[in-house]
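Examining the three-dimensional arrangement
Spelled out from the first residue to the last, the chains are:
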Amino acid sequence: MCDVSFFYRSSNFMEEKLFVRAVKGGKTTKTITLNGKKMRKIPSTIGNLPGLKVLNLQNNLISCVCSELSTLTQLTVLNLGNNLLEEVPEEVKYLTSLTKLHLFGNRINRFASGVCDGLKNLTLLNLNNNQLTYIPKKLESLIYLSINHNQLTSIPRELCFLKNLSELQLNYNQIICIPEEIKFLKRLQKLFLARNNIEVLPEVLCHLINLRILDVAGNVLQIFPSGFQYLKLKEFYCEGNPLFLNHPVSAIKQLDILSLQEITSRFIMNQLIEMNPFLMEAIEWYPQIWDTISKGRICAICGKSFLTIWIECVEFVPPSKNWKTSKNLELVPLRTLICSYECFNQRGPNQFGIAQVQEQ
Ligand SMILES: [Zn+2]
């Protein structure tokens, strides 16, 4: 008969032995590396190493961590990549010195409650190849976040408030849209969004003045926001998108019929741009009007403001010479908006009308 308890005992014994061997330095041990040892558990003896700084246990068979892990308050690096964890374990929240946490290649689909509360010093979090559909708040110190190959369907808004974030990797998810709040990632330098289902890049993406690498290959983008060509990118990848090339529809000339709201809004917005003192003072008393006109846009031809009616155009612009780009990318289709047919008739030869759009 197979003695299961013996098997577990001997397996635990093996793990303890490996640890004992690794812990020759006793309480002064700073690093333990036991990669690829078929370990199923983290032995509780780990609690005898309060000074441990680095714990590498990748490529094992660990499905849960021991409670003694939470005593390692000096630990700065924890690597549990390629194991069998199903959640980001609660014990992690006590590791207040942790700066790097690798949890790639597990089966993680959830975070234990409050797990991010204690991770005040975490700068790197690698969650690639898991089954996450969300990300919790409170990871404010993160600089590098990688969640490739998961099941996110949108960029969680919480991520947009990580003010130190410099690199965000979200390749191979099912992301459809990007929230406007992405503009708050002022320090973002590298954004990887390859192989998702993104249809539109928001105009505010052009506010990311530190962005140097943008990878949106393998999405369903047809057009890029206006102002896109002014981003100071070094690398830009967009192969595998159904880019709007060579067959724009030319718009039919129509008279512009504007609603009273549109006429009034245009008047107010343009007066405010010209700093009309009477309107500038009056607008303070009407926050709802301020709210409405703050959604206004600028005409690509005359530079004046409009609100809900415009003519949508596509302009083909060569990518900046400073950008390293996908092969064969000769022109980037940019979305431009024009306030009226009067302006439309003055457009340049690279601008083509798509359709007149009235926002509902
Ligand atoms: Zn115009």
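What comes next is a walk through the structure.

The rules behind each value
Every chain is numbered independently, its residues counted from 1 as its sequence is written. Selection of residues for local features in this predicted model requires a pLDDT of at least 70, selection of side-chain atom pairs for listing and counting requires 80 or more, and totals for whole chains, interfaces and linings are taken over all residues. Hydrogens are left out, water is left out, and the side-chain values use all remaining heavy atoms of the structure. Salt bridges are counted wherever a side-chain nitrogen of Lys or Arg sits within 4 Å of a carboxyl oxygen of Asp or Glu. Helix and strand definitions follow DSSP, with helices as H or I runs of at least four residues and strands as E runs of at least two, each counted in order from the N terminus. Burial classification: accessible surface area is computed with a 1.4 Å probe over protein chains only, and a residue below 20% of its type maximum counts as buried, one above 50% as exposed, and the rest as partly exposed. Two strands make a pair as long as DSSP finds a minimum of two bridges between them. Aromatic contacts are taken between Phe, Tyr and Trp rings whose centres are within 6.5 Å, Trp giving its six-membered ring; a plane angle under 30 degrees counts as stacked, one over 60 as edge-to-face, and the others as tilted. In this scheme, Lys NZ or Arg CZ marks a charge over a ring once it lies within 6 Å of the ring centre and within 35 degrees of the ring normal. Whether two residues touch is decided by their heavy atoms; if any such pair falls within 4.5 Å, the residues are in contact. Every patch collects residues that have over 30% relative accessible area and no salt bridge, joining them within 9 Å if they carry like charges and within 5 Å if they are nonpolar side chains (Val, Leu, Ile, Met, Phe, Trp, Tyr). To be clear on the numbers: accessible area is Shrake-Rupley with a 1.4 Å probe, and residue cover counts the displayed protein chains and nothing else. Sodium, potassium and calcium take a 3.2 Å donor cutoff, other metals 2.8 Å, and in both cases only N, O and S atoms count; water is not among them, so sites may look incomplete. Any coordination sphere not matching a tetrahedral pattern (four donors, all angles between 85 and 135 degrees) or a square planar or octahedral pattern (four or six donors, opposite donors over 155 degrees apart, other angles between 65 and 115) is reported as irregular.

Moving on: the pattern of salt bridges. Here the structure, examined in full by the defined rule, presents nine salt bridges. Measuring nitrogen to oxygen at the nearest pair gives 3.2 Å for the salt bridge that ties Arg-110 to Glu-87. Of this pair, Arg-110 sits in strand E6 (residues 110-111) while Glu-87 sits in strand E4 (residues 87-88), and the two are 23 residues apart along the sequence. Classification of Arg-110 by relative accessible area gives partly exposed; the value is 35%. Here Glu-90 makes a salt bridge to Lys-93, at a shortest N to O gap of 3.3 Å.

In this section: the pairing of strand E15 (residues 309-317). Of all nine residues making up E15, eight are buried, and the element is well covered by its neighbours. With seven bridges connecting them, E15 and strand E17 (residues 332-338) associate as antiparallel partners. Its bridge partner being in E17, Val-317 is matched across the sheet by Val-332.

Turning to the packing of aromatic side chains, a few remarks are in order. This model, assessed by the stated rule, comprises ten aromatic pairs. Seen in terms of ring centroids, Phe-224 and Phe-236 are 5.5 Å apart; in terms of plane orientation they differ by 80 degrees. Their pairing is edge-to-face. Of this pair, Phe-224 sits in the loop between strand E11 (213-215) and strand E12 (235-237) while Phe-236 sits in strand E12, and the two are twelve residues apart along the sequence. The pair formed by Phe-224 and Phe-236 is uniform in burial state, with each residue classed as buried. Ring geometry for Tyr-341 and Phe-344: centres 5.7 Å apart, planes at 75 degrees, overall edge-to-face. One end of the pair is Tyr-341 and the other is Phe-344, both in helix H5 (residues 341-344) and three residues apart, which spans about a single turn. Each residue in the set Phe-224, Phe-228, Phe-236 and Trp-323 is aromatic and connected to the rest through ring pairs, giving one cluster. Here Arg-297 stacks its cationic end above the ring of Trp-310, 4.9 Å away from the centre of that ring. Directly above the aromatic system of Phe-344 lies the positively charged group of Arg-347, at a separation of 3.9 Å from the ring centroid.

This part is about the sheet that holds E11. Taking strand neighbours across the sheet as the criterion, the eleven strands line up as E1-E2-E3-E5-E7-E8-E9-E10-E11-E12-E16 in an open arrangement whose pairing is parallel. The two strands at the open ends of the sheet, each matched to only one other strand, are strand E1 (31-33) and strand E16 (324-325). Pairing analysis gives three bridges linking strand E2 (residues 54-56) to strand E3 (residues 77-79), with the strands arranged parallel. Bridge assignment links Asn-56 to a residue of E3, and that residue is Asn-79.

By the element assignment, Ile-143 lies in the loop between strand E7 (124-126) and strand E8 (144-146). Sequence-wise, Ile-143 and Leu-168 are 25 residues apart; in three dimensions their C-alpha atoms are separated by 8.4 Å. Contacts of Ile-143, omitting those with residues within four sequence positions, involve Thr-123, Asn-164, Leu-165, Ser-166 and Glu-167.

Our next topic: a nonpolar patch on the surface. On the surface, Trp-285, Tyr-286 and Ile-289 cluster together into a nonpolar patch covering about 370 Å² of accessible area. Tracing the chain through its elements places Trp-285 in the loop between helix H3 (277-282) and helix H4 (287-293). Looking at Trp-285, the relative accessible area reads 68%, which means it is exposed.

Let us look at the coordination of the zinc ion. Surrounding the zinc ion are the protein donor atoms Cys-299 (SG), Cys-302 (SG), Cys-339 (SG) and Cys-343 (SG), at 2.3 to 2.4 Å. Metal-centred angles of 104 to 118 degrees between the four donor atoms at the zinc ion mark the site as tetrahedral.

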